[in-house]
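An overview of the molecular structure
Spelled out from the first residue to the last, the chains are:
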Amino acid sequence: MIKECSTKYFGKYSYDEKNIISFENGLFGFEQEKEFLLIQLDPNNEDVLCLQSLKNKDTAFFTVNPFAFLEEYQPTLTSTELQTIEAANIGELLIYVICSMTDDIRSSTANLKCPIAVNPKSNKALQIMLDNPEYQMRHSFAALGQKEEENS
């Protein structure tokens with residue numbers, strides 16, 4: 001069924017109910033927000049999206065596919081976390097990280113510590129906290145660019 005919602009960045013937005021992403025526990029700091037849409041900013045780029053709450057139009061986050069800029073990123077989920085979103089393994093999931101964007105991409109940051117895992121089959125999702133000191137909540141894109149240059 002096609003519905004319409006108000007969004008922070010796109011005004012009125014039409015969507016199919018089957019595209020609703022459900023977070024049983026919400027997001028960290030936004031536990032009351034349970035239903036979201038993943039909206040592509042550019043129809044030709046599936047790596048950069050907006051995670052828009054259906055409950056509150058002002059709750060929206062820029063998200064990116066972390067593997068697009070950090071191939072060696074290795075999030076892990078426990079068996080309980082996988083069960084929560086009805087997945088057998090991490091290979092079945094889409095992984096996104098929330099970003100804080102600025103006009104200058106070098107000063108923008110990505111939260112690599114707390115990725116979002118989405119099961120595209122069940123549309124269930126959760127945000128997890130990784131126990132890896134290499135991943136920070138405010139990992140700068142400038143630092144990521146330097147790391148890629150070093151690895152080239």
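Please read these numbers as outputs of a predicted model, since none were measured by experiment. (Residues numbered from 1 in each chain as written. Predicted model: local features only at pLDDT ≥ 70, side-chain atom pairs only at ≥ 80, totals over all residues. Heavy atoms only, no water.)

**Quick word on the overall build of the protein chain**
The helix and strand tally for the protein chain stands at two helices and 11 strands. Reading the secondary structure of the protein chain in the N-to-C direction produces β-β-β-β-β-β-α-β-β-β-β-β-α. Counting only residues that meet the buried cut, the protein chain has 40% of its 152 residues in that class. Taking all contacts inside the protein chain whose residues are at least 6 apart in sequence as the whole, residues at least 24 apart take part in 48%. For the protein chain, the exposed area adds up to about 8900 Å²; of that, 47% sits on carbon and sulfur atoms. (Helix = DSSP H or I, 4+ residues; strand = E, 2+ residues; numbered from the N terminus. Buried < 20%, exposed > 50% of the residue type's maximum accessible area, 1.4 Å probe, protein only. Contact = heavy atoms within 4.5 Å. Areas by Shrake-Rupley, 256 points an atom, 1.4 Å probe, with all protein chains shown as cover.)

**A few points about the nonpolar core**
Formed by 19 residues in total, the largest nonpolar core has its most connected members in Phe 69, Tyr 73, Leu 77, Ile 85, Leu 93, Val 97 and Leu 112. Here the element with the most residues in this core is strand 7 (residues 94-100); it accounts for three residues. Residues contacting Tyr 73, with those up to four places away along its chain left out, are Pro 66, Phe 67, Ile 95, Val 97, Leu 112, Pro 115, Leu 130 and Tyr 135. Judged by nonpolar contacts, the second largest core, of 12 residues, contains Phe 23, Phe 61, Tyr 96 and Ile 98. (Core = buried A, V, L, I, M, F, W, Y, C linked by side-chain atoms within 4.5 Å.)

**Observations concerning the layout of surface pockets**
By volume, the largest pocket is sized at about 400 Å³. Taken together, 18 residues form the lining of the largest pocket, with Leu 38, Gln 40, Leu 49, Leu 94 and Tyr 96 sitting closest to its centre. When contributions to the lining of the largest pocket are tallied by element, the ones reaching two or more residues are strand 2 (11-16), strand 4 (35-42), strand 5 (45-53) and strand 7. Tallying contributions element by element places strand 4 first for the lining of the largest pocket, with four residues. Taken together, the residues that form the lining of the largest pocket break down as 12 nonpolar, four polar and two charged. Taken as a whole, the second largest pocket holds about 160 Å³ of empty space. Along its surface, the second largest pocket is lined by Ile 98, Cys 99, Ser 100, Thr 109, Ala 110, Asn 111, Met 137 and Arg 138. Elements represented by at least two residues in the lining of the second largest pocket include exactly strand 7 and strand 8 (109-110). Of all the elements, strand 7 adds the most residues to the lining of the second largest pocket, at three residues. For the lining of the second largest pocket, the per-class residue count stands at four nonpolar, three polar and one charged. (1 Å grid on protein atoms, 1.4 Å probe; cavity = no way out; pocket = protein on both sides within 12 Å on 5 of 7 lines; lining within 4 Å. Points joined across faces, edges and corners; volume = space filled by probe spheres on them. Nonpolar A, V, L, I, M, F, W, Y, C, P; charged D, E, K, R; others polar.)

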